[in-house]
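# Summary of structural features
Residues per chain, in single letters:
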Amino acid sequence: MEKKILLVDDDDDILEFLKYNLERSKFKVYTASNGIDAIKIATRRIPDLIILDVMMPEMDGIETCQELKKNHALNHTLITFLSARSEDYSQIAGFNAGADDYIKKPIRPRVLISKINALMKRSKKFQTKNKLITIDNITIDNDKFEVKKDQNIIPFPKKEFELLKLLCSKPNKVFTREEIFTIVWGNDIMVCDRTIDVHIRKIREKLGTQKIKTLKGIGYSFHSTISS
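Residues numbered from 1 in each chain as written. Predicted model: local features only at pLDDT ≥ 70, side-chain atom pairs only at ≥ 80, totals over all residues. Heavy atoms only, no water.

## Some thoughts on the sheet that holds strand β6 (residues 132-135)
The cut-off we apply is this: In this scheme, strands are said to pair when DSSP sees at least two bridges between them. Numbered from the N terminus, helices here are DSSP runs of H or I no shorter than four residues, and strands are runs of E no shorter than two. Orientation is described by axes fitted as lines to C-alpha atoms, over the contacting stretch for helices, and by angles from 0 to 180 degrees between their N-to-C directions. Contacts are assigned to residue pairs with any non-hydrogen atoms lying within 4.5 Å of each other.
The strand order β6-β7-β8-β9 describes an open sheet built from 4 strands, whose pairing is antiparallel. This sheet does not close on itself; its edge strands, each paired only once, are β6 and β9 (152-154). Pairs of neighbouring strands in the sheet enclose a mean axial angle of 20°, with direction left out of account. Running at roughly 115° to strand β7 (residues 138-141), helix α6 (residues 158-169) makes contact with β6, β7 and β8 (146-149) of the sheet.

Pasting the structure below:
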């Protein structure tokens, strides 16, 4: 089945160039020049991947990403930033907004397509595993993209959801930071070292500080009162 990609950038030349190369690689491509139009198109087309610029008029990429993540119909839509902004704080803001990747411009079309294919392949593989996880008072439903605590639904952005699901897949096992990066973000993706810490902090805020344990200098685990 033809994969659908939504390109969002206020530079018409970049849109035309990327659209041409992606269509050559057999993707169905939609384009938008601002965040407001992007949200409308994404809601109507439900793309497999949205590629966002950060600096845009009317609504910037970060705010656009945050709004897209509120739409449950897009729960399985991947979002990546493609931006000339390379500062750590820009990347952190992107991942905090729920992005799956942050790719820096300029990038050769073949490299971009390779990254897109790897991102989609890894996401598909991750989604097919562990459809339903129940541990202590936490239930994770991958089909519904839903987390419940004591039967109460708690909203989770995509990366927080995937990170929690990974930790809960093997309760009390310590996942190293390298394992987490590789499985959740992909070992071909350059993210800053604080990315995991930010996501762990947000999960703790939602589930309680006692659920996620830190093994200093190594990684994290989901603490369960029931032996695995």
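## Here's the deal with the environment of R45
Stated precisely, the cut-off is as follows: Between buried and exposed lies partly exposed: a residue is buried under 20% and exposed over 50% of the maximum accessible area for its type, with that area taken using a 1.4 Å probe on protein chains only.
Along the chain, R45 falls in helix α2 (residues 35-45). Residue class for R45 comes out partly exposed when judged on its relative accessible area of 36%. When the C-alpha positions of R45 and F222 are compared, they lie 37 Å apart, and in sequence the two are 177 residues distant.

## Some words on empty space enclosed by the protein
Selection criterion: Using a 1 Å grid laid over the protein atoms alone, points where a 1.4 Å probe fits but cannot get out form a cavity; open sets with protein on both sides within 12 Å along at least 5 of 7 lines form a pocket; any residue with an atom within 4 Å of a point counts as lining. Grid points are joined across faces, edges and corners, and a volume is the space filled by probe spheres set on the points. Side-chain classes follow a simple rule in which Ala, Val, Leu, Ile, Met, Phe, Trp, Tyr, Cys and Pro form the nonpolar group, Asp, Glu, Lys and Arg form the charged group, and the remainder, Gly included, forms the polar group.
On inspection of all chains with the given rule, the structure shows 3 cavities of 30 Å³ or more. A volume near 40 Å³ is recorded for the second largest cavity. Lining the second largest cavity are L7, V8, D9, I14, L15, L18, I51, L52, D53 and L82. Within the residue set of the lining of the second largest cavity, elements represented by two or more residues are β1 (4-8), α1 (12-24) and β3 (49-52). With 3 residues, the top contributor of residues to the lining of the second largest cavity is α1. The residue inventory of the lining of the second largest cavity, partitioned by class, reads 8 nonpolar, no polar and 2 charged.

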